[in-house]
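Coordinate analysis (summary)
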Amino acid sequence: MQNFLDRIAQIVGAQHLITAAAATQKYTTELRQRYASECRAVVLPADPEQVAAVVTCCAAAKVSMVPQGGNTGAVGGAVARREQVIINLGRMNRILEVDAANYSMRVQAGCVLADIQQAARRHERFFPLSLGAQGSCQIGGNLATNAGGINVLRYGSARDLTLGLEAVLADGRRYCGLSNVRKNNTGYDLKNLFIGSEGTLGIITAADLKLFPLARAQAAAVVGLQDADSALALLSSLRAATGDCLTTFELMANIAVQAAVAHIPRQSDPLPQQHPWYALIVATTSHTAAESDDAETALQRQLESCLAQAMQQDIVQDAALATNDRQAQQLLRLRENIVTAQAFEGGSIKHDISVPLAQVPEFLRRAQHAVQAAMPGARPYAYGHMGDGNIHFNISQPPDMERAAFLAQAPQIHELVHEIVHQLNGSFSAEHGIGIAKLDDMKKYKDAVSLALYQQIKRAFDPHNLFNPGKVNP
Ligand code: MLT
Ligand code: ZN
C-alpha cells in the first residue's frame, strides 16, 4: 500500500497528500458530528489532469474514493471509511472565465460559492445560488448535491443554474461537457446525471454557470403571521403583485426566532410583539444605475402597499420593512441565525421535506400534532423555504429529556414525519440529498423502477463501485 500512496504523492506532490490523522481531521469531521468518518488519505489535486491520474491510480489499486468539496453537507455524503481516499477539490479554486455578455461564467469545482458570487458582481452580474454555508462550501459540492438555498423561488436550484460541466469518470476518463450555450438539444443530458449524484457517478472538476442581471433595487421585510395558512395567502398575493421580483419567502416558527434572539448576540426580534409565525420576504429588480434609487423606492413602496393590504385583510399581523441595505441585511441575518441558534436548544431531529405549496399548512398541522402526540414536550422548530414548499421541520428535544434518549427516538420521529410527507405527495429530501442519512427512506419511498434504473446508471458509470460507495443508492 505504501507503493500506492507513493504513486499518488508523485501525482499531486507529497505536500498535497495528507495521511496524518491530526491533519485529515478537517476533512473527516462531519458537519453535524453524527457520523464517524476516517480515511486512508486525503488527496488535494491541482487540476483535472491530476484528478484523472489519482482516480486511475485508485482504480488500479481497487481503492474506493470519496469526492469532497467544502465538507458542509448535511446528510453524510462526504463521510469516508478507513480504507478510502478522500479527493478534496479545494485547491482547484480558479474562476476560469466570466463572460458578461453571455451571462455565464466558467469555474473550477473547488471555488468557494461566495467567491463565485463576488466574481460575478465584479462584472456587474449576479450568481443567485445563496445558502448559509456559502463562505466555505464549494461549487463542485453544490452541484453534486443540487444545492438550493434562499433564492430558489425565483432562480431555481444548482441544476437550473448550470449550463455545462466537466467530470472525471471512475476509469480515469474525462467527460468534457463544458458548454456555455443555453440551448443544446443533442441527446441525453449527461450533466444532469452528475448534478445531484453526490459524487457517486463522477468527480465534477469544472462547470459553466448561468449569470443574471445584477439586482440593484431591493425591498425586504419580516412579517408576523397568525398561522401558516396566512403565509400561503401572503405568498400567493405577493407573487401576483410583484411578478418575478419575489426572490425569497422564508417561513420561521416563533420558537426559532426567539431562540435566535435568546442565543445570538445582537439579534433582536424585528417586531415588537411575538407572533406564532414569521416570514422573511425579499424582492429585487435589476435596473440601470441611474435609475437605481427610484427603482428601490418604488419596489419598497410596492411591498409596503401589498403588506398594508394584507394587514387590512388580517393576513399579516405586523410588518417590519427595511428602508436601506443595512436593515435588509439584518433581516436576512435573522434567518441565518435561527439555524445557528438551534444548537443551543439541545438535541435536534432534522427533516428537510417538501410538499406541494398548498399543502404546507396541512403538513405543519399534521406533523406538529403527530410529533407532539408521540413525544410530549417535543418542540417543532420549523423554518425554511416556504416559497419552494420546502420546510426544515426540525424537532428540538423536550427540555427535561436526556439528549441521548431523545436522539435515540430519531428513526420513529422520521417515520412519522416522512409518512405524512408521503401522504401529501411530497419529498422526504427536498434540498440536502440522500448521503447516508436517508438511505432507508430511499428504500421505502422510491418506487422499484426508479431504484432499478439508479442501479443500472451507477453500474454504467462506475461498474466497480469506486465512487462514494454506499451513498445515495440503498
Ligand atoms: C437552511 O436552509 O438554512 C439549511 O438548509 C438548513 C440546514 O442547514 O439544516
Ligand atoms: Zn435550506
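Residues numbered from 1 in each chain as written. Chains lettered and ligands numbered in written order. Predicted model: local features only at pLDDT ≥ 70, side-chain atom pairs only at ≥ 80, totals over all residues. Heavy atoms only, no water.

All right, on to the pattern of salt bridges then. Summed over the entire model, instances satisfying the criterion amount to 16 salt bridges. With a closest N to O distance of 3.1 Å, Glu49 and Arg174 form a salt bridge. Note that Glu49 is positioned in helix 3 (residues 48–60) and Arg174 in strand 9 (residues 174–177), a separation of 125 residues in sequence. Residue classification places Arg174 among the partly exposed positions, given a relative accessible area of 33%. For Lys444, the salt bridge is made with Glu415, and the minimal N-O distance between the two is 3.5 Å. Highlighted residues: Lys444 in helix 15 (residues 439–445) and Glu415 in helix 14 (residues 410–423), separated in sequence by 29 residues. (Salt bridge = Lys/Arg side-chain N within 4 Å of Asp/Glu carboxyl O. Helix = DSSP H or I, 4+ residues; strand = E, 2+ residues; numbered from the N terminus. Buried < 20%, exposed > 50% of the residue type's maximum accessible area, 1.4 Å probe, protein only.)

What follows concerns the coordination of the zinc ion (ligand 2). Taken together, the protein donors to the zinc ion (ligand 2) comprise His385 (NE2), His392 (NE2) and Glu431 (OE), at separations of 2.0 to 2.2 Å. Counting along the primary sequence, the residues that act as donors to the zinc ion (ligand 2) give the motif H-x6-H-x38-E. Of this pair, His392 sits in strand 19 (residues 390–396) while Glu431 sits in the loop between helix 14 and helix 15, and the two are 39 residues apart along the sequence. On the basis of relative accessible area, His392 is assigned to the buried category, the value being 5%. (Donors = N, O, S within 2.8 Å, 3.2 Å for Na, K, Ca; no water.)

Let us now look at the sheet that holds strand 9. Each strand in a sheet pairs with its neighbour through backbone hydrogen bonds, running either in the same direction (parallel) or in the opposite one (antiparallel). Reading across the sheet, the five strands line up as 5-6-10-8-9 and stay open at both edges, with antiparallel pairing between neighbours. Of all the strands in the sheet, just strand 5 (95–99) and strand 9 have a single pairing partner and so form its edges. Neighbouring strand axes in the sheet, compared pairwise and without regard to direction, differ in orientation by 10° on average. The pairing of strand 6 (residues 104–108) with strand 10 (residues 203–210) spans five bridges and is classified as antiparallel. Looking at the pairing, Met105 lines up with Leu209 of strand 10. Strands in contact with helix 3 are strand 6, strand 8 (162–168), strand 9 and strand 10; relative to strand 8, the strand with the most contacts, it is inclined by about 45°. (Pairing = 2+ DSSP bridges. Axes fitted to C-alpha atoms, helices over the stretch in contact; angles between N-to-C directions. Contact = heavy atoms within 4.5 Å.)

Take the nonpolar core next. Within the largest apolar cluster, 49 residues are counted, with the highest numbers of intra-cluster contacts made by Leu225, Leu234, Phe249, Ile281, Phe363, Leu364 and Phe393. Residue assignment for this core shows that the elements contributing at least two residues are strand 12 (217–225), helix 8 (228–242), strand 13 (246–253), strand 14 (277–285), helix 10 (292–312), helix 12 (360–374), strand 19 and helix 14. The element that contributes the greatest number of residues to this core is helix 12, accounting for six residues. Setting aside residues no more than four positions away along its own chain, Ile281 makes contact with Ala219, Ala220, Ala221, Val223, Leu234, Leu238, Leu246, Thr248, Phe249, Leu303 and Leu307. Residues Cys111, Ala120, Phe126 and Leu129 belong to the second largest nonpolar core, which totals 32 residues. (Core = buried A, V, L, I, M, F, W, Y, C linked by side-chain atoms within 4.5 Å.)

So, on to the site of ligand 1. The local shell around ligand 1 consists of Arg32, Arg335, Val339, Tyr383, His385, His392, Glu431 and His432. The separation between an oxygen atom of ligand 1 and a polar side-chain atom of His392 is 3.0 Å. Here His432 contributes a side-chain N or O atom positioned 2.8 Å from an oxygen atom of ligand 1. When ligand 1 sits alone it has 270 Å² of accessible area, and the protein chains cover 79% of it. Of all the elements in the fold, those that place two or more residues in the shell around ligand 1 are helix 11 (325–341) and strand 18 (379–385). For the shell around ligand 1, the class distribution of residues is two nonpolar, three polar and three charged. (Near = heavy atom within 4 Å. Polar contact = N/O pair within 3.5 Å; in protein donor to acceptor, adjacent residues only side chain to side chain. Areas by Shrake-Rupley, 256 points an atom, 1.4 Å probe, with all protein chains shown as cover. Nonpolar A, V, L, I, M, F, W, Y, C, P; charged D, E, K, R; others polar.)

Here the focus is the pairing of strand 4 (residues 85–88). Of the two faces of strand 4, the one lined by Val85 and Ile87 and the one lined by Ile86 and Asn88 are each fully buried. Bridge count for strand 2 (residues 41–43) against strand 4 is three bridges, and the pairing is parallel. Following the sheet pairing, Val43 is matched in strand 4 by Ile87. Where strand 3 (residues 65–68) lies against strand 4, four bridges are found, and the strand directions are parallel. Paired with Pro67 across the strands is Ile87, a residue of strand 4.

Another point: the side chain of Asn468. Its place among the elements puts Asn468 in the segment after helix 16 (448–461). For Asn468, the side chain forms a polar contact with the main-chain oxygen of Gly77, separated by 2.9 Å.

Among the residues of helix 2 (residues 21–28), Thr24, Tyr27 and Thr28 are the ones counted as buried. Across the axial projection of helix 2, the buried residues extend over an arc of 85°, all falling on one side. Facing away from the buried side of helix 2 by over 90 degrees, the exposed positions are Ala22 and Lys26. In the core, the buried residues of helix 2 are packed alongside strand 1 (17–18), strand 2, strand 3 and strand 4. (Arc of directions from axis to C-beta.)

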